[in-house]
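Report on the structure
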Amino acid sequence: MEIQTETIVTYPVMEAFYTLQGEGAHTGRAAYFIRLGGCDVGCVWCDVKDSWDAEKHPKHSVEDIVNGALQYPGRLIVITGGEPLMHDLGPLTNALHANGFTINIETSGAHPLSGQLDWICLSPKKFKAPLPSVVPYADELKVVIFNKSDFDWAEAFAAQVNPSCKLYLQPEWDKREQMTPLIIDYIHNNPKWGLSLQTHKYIGVP
Ligand code: SF4
């Protein structure tokens with residue numbers, strides 16, 4: 001008789017926490033963040049460099065991750081990283097949906113899409129560009145402005161996304177004093193864009 005063994009799917013979780021989404025189209029909404037370890041994009045200004053090495057982070061089963069999210073009343077999940085699409089998100093997103101969650105993702109788009117995602121926030125990075133196969137699926141394009149040349153980078157992707165995709169420019173945190181006035185001017189002249197701020201950092205929540 002063949003013995004059936006159940007494979008337990010795990011993911012490296014750097015941290016998971018209930019907070020308010022600070023950025024982009026869902027700013028201000030209560031959400032449970034799942035920050036997966038692993039990123040090969042290498043942004044020089046990355047504020048979560050500890051996430052890069054997936055091996056540094058404990059592996060959690062899908063069941064444990066879902067149970068963590070179920071402790072809170074909110075039913076919005078934000079899967080972030082790291083670069084969460086380095087993992088096959090199928091098992092995790094199936095289990096979250098089965099438990100009534102809506103799933104947003106924050107991704108650089110540098111790896112193929114996987115899983116069932118309700119909202120894709122694409123934040124393209126010059127250090128490893130998004131895959132062309134990901135760009136048309138973005139619900140939200142959020143471009144971090146670190147220097148003036150990033151406006152052209154932002155426009156290059158705005159030309160590729162779906163027409164219904166929401167467009168945001170966001171100052172890199174350490175450059176916010178120099179870049180925010182430039183972004184405001186830019187949006188005045190190019191009103192298809194909106195301003196995204198890292199409001200969680202202003203209000204002191206994770
Ligand atoms: Fe950091 Fe995100 Fe860039 Fe990866 S894609 S290096 S996690 S900012």
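In the block above lies the structure referred to throughout.
No experiment lies behind these values; they were computed from the predicted model shown.

Quick notes on the pattern of salt bridges
Summed over all chains, the structure comprises seven salt bridges. Glu-15 is the salt-bridge partner of Arg-35, the closest N and O atoms lying 2.7 Å from each other. With Arg-35 in strand β2 (residues 30-36) and Glu-15 in strand β1 (residues 10-20), this pair connects stretches of sequence that are 20 residues apart. The class for Arg-35 is buried, based on a relative accessible area of 12%. Exposure remark for Glu-15: the relative accessible area of 31% places this residue in the partly exposed category. Residues Lys-201 and Asp-47 are paired through a salt bridge, measuring 2.7 Å at the closest nitrogen-oxygen approach. With Lys-201 in helix α5 (residues 199-203) and Asp-47 in the loop between β2 and β3 (59-61), this pair connects stretches of sequence that are 154 residues apart. What makes Asp-47 exposed here is its relative accessible area of 52%.

Brief notes about the site of the ligand
Taken together, Cys-39, Val-41, Gly-42, Cys-43, Trp-45, Cys-46, Val-48, Trp-52 and Gly-82 are the residues near the ligand. Tallied by class, the residues present in the shell around the ligand amount to seven nonpolar, two polar and no charged.

A word on the packing of aromatic side chains
Per the counting criterion, the structure on display carries seven aromatic pairs. Ring centres 5.4 Å apart and planes at 10° place the aromatic pair Phe-17 and Phe-33 in the stacked group. Of this pair, Phe-17 sits in strand β1 while Phe-33 sits in strand β2, and the two are 16 residues apart along the sequence. Among the residues examined, Phe-17 registers a relative accessible area of 14% and is labelled buried. With relative accessibility at 10%, the residue Phe-33 sits in the buried group. Relative to Phe-127, the ring of Trp-45 has its centre 6.5 Å away and its plane inclined at 70°; by these criteria the two rings are edge-to-face.

Scoring rules and cut-offs
Residues numbered from 1 in each chain as written. Predicted model: local features only at pLDDT ≥ 70, side-chain atom pairs only at ≥ 80, totals over all residues. Heavy atoms only, no water. Salt bridge = Lys/Arg side-chain N within 4 Å of Asp/Glu carboxyl O. Helix = DSSP H or I, 4+ residues; strand = E, 2+ residues; numbered from the N terminus. Buried < 20%, exposed > 50% of the residue type's maximum accessible area, 1.4 Å probe, protein only. Near = heavy atom within 4 Å. Nonpolar A, V, L, I, M, F, W, Y, C, P; charged D, E, K, R; others polar. Phe/Tyr/Trp six-rings, centres within 6.5 Å; stacked < 30°, edge-to-face > 60°.

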